[in-house]
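# What the coordinates show
If you want the building blocks of each chain, they are given just below.
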Amino acid sequence: MGKRFEVKLKENVGGGIIKIVVDTETGVNYLITSGLGLSGMTPLLDKDGKVVID
């Protein structure tokens, strides 16, 4: 069995990290932030407000 979540993109921004992570079972993309004073995880949305799915 493979990993459920895979890192699609990782960038260092202003002392923190922003990642886009994909759920390999559903294809849903999540935006994760850490080290910016706040940490969080939310579904990634496209320009129309719909969840990005691979």
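This text goes with the structure placed above it.
To start, this report covers the structure provided alongside it. (Residues numbered from 1 in each chain as written. Predicted model: local features only at pLDDT ≥ 70, side-chain atom pairs only at ≥ 80, totals over all residues. Heavy atoms only, no water.)

## Remarks on the sheet that holds strand β4 (residues 40-43)
Ordered in space as β1-β2-β3-β4, the four strands form an open sheet in which the pairing is antiparallel. Each edge of the sheet is formed by a strand with only one pairing partner; in this case those strands are β1 (5-13) and β4. Pairwise comparison of adjacent strand axes, ignoring direction, gives a mean angle of 20° for this sheet. Pairing between strand β3 (residues 29-34) and β4: four bridges, direction antiparallel. Paired with Thr33 across the strands is Gly40, a residue of β4. (Pairing = 2+ DSSP bridges. Helix = DSSP H or I, 4+ residues; strand = E, 2+ residues; numbered from the N terminus. Axes fitted to C-alpha atoms, helices over the stretch in contact; angles between N-to-C directions.)

## Observations regarding the environment of Thr26
By the element assignment, Thr26 lies in the loop between β2 (16-23) and β3. In sequence terms Thr26 and Phe5 are 21 residues apart; their C-alpha atoms lie 9.9 Å from each other. Setting aside anything within four residues of it in sequence, one finds Thr26 in contact with Arg4 and Ile53. One polar contact links the side chain of Thr26 to the main-chain amide nitrogen of Val28, over a distance of 3.3 Å. (Contact = heavy atoms within 4.5 Å. Polar contact = N/O pair within 3.5 Å; in protein donor to acceptor, adjacent residues only side chain to side chain.)

## Overview of the packing of aromatic side chains
One pass over the full model with this rule turns up one aromatic pair. Aromatic side chains Phe5 and Tyr30 sit 6.5 Å apart centroid to centroid with 65° between the ring planes, which places their arrangement in the edge-to-face category. Of this pair, Phe5 sits in strand β1 while Tyr30 is found in strand β3, placing the two residues 25 residues apart along the sequence. Relative accessible area serves as the criterion here: at 19%, Tyr30 is assigned to the buried category. (Phe/Tyr/Trp six-rings, centres within 6.5 Å; stacked < 30°, edge-to-face > 60°. Buried < 20%, exposed > 50% of the residue type's maximum accessible area, 1.4 Å probe, protein only.)

## Overview of the pattern of salt bridges
A complete count under the given rule lists three salt bridges for this structure. Here Glu25 ties to Arg4 by a salt bridge, and the two come within 3.6 Å at their closest N and O atoms. Note that Glu25 is positioned in the loop between β2 and β3 and Arg4 in the segment before β1, a separation of 21 residues in sequence. Glu25 gets classed as exposed once you look at its relative accessible area, which sits at 59%. Taking the relative accessible area as the measure of exposure, Arg4 reaches 37% and is therefore partly exposed. (Salt bridge = Lys/Arg side-chain N within 4 Å of Asp/Glu carboxyl O.)

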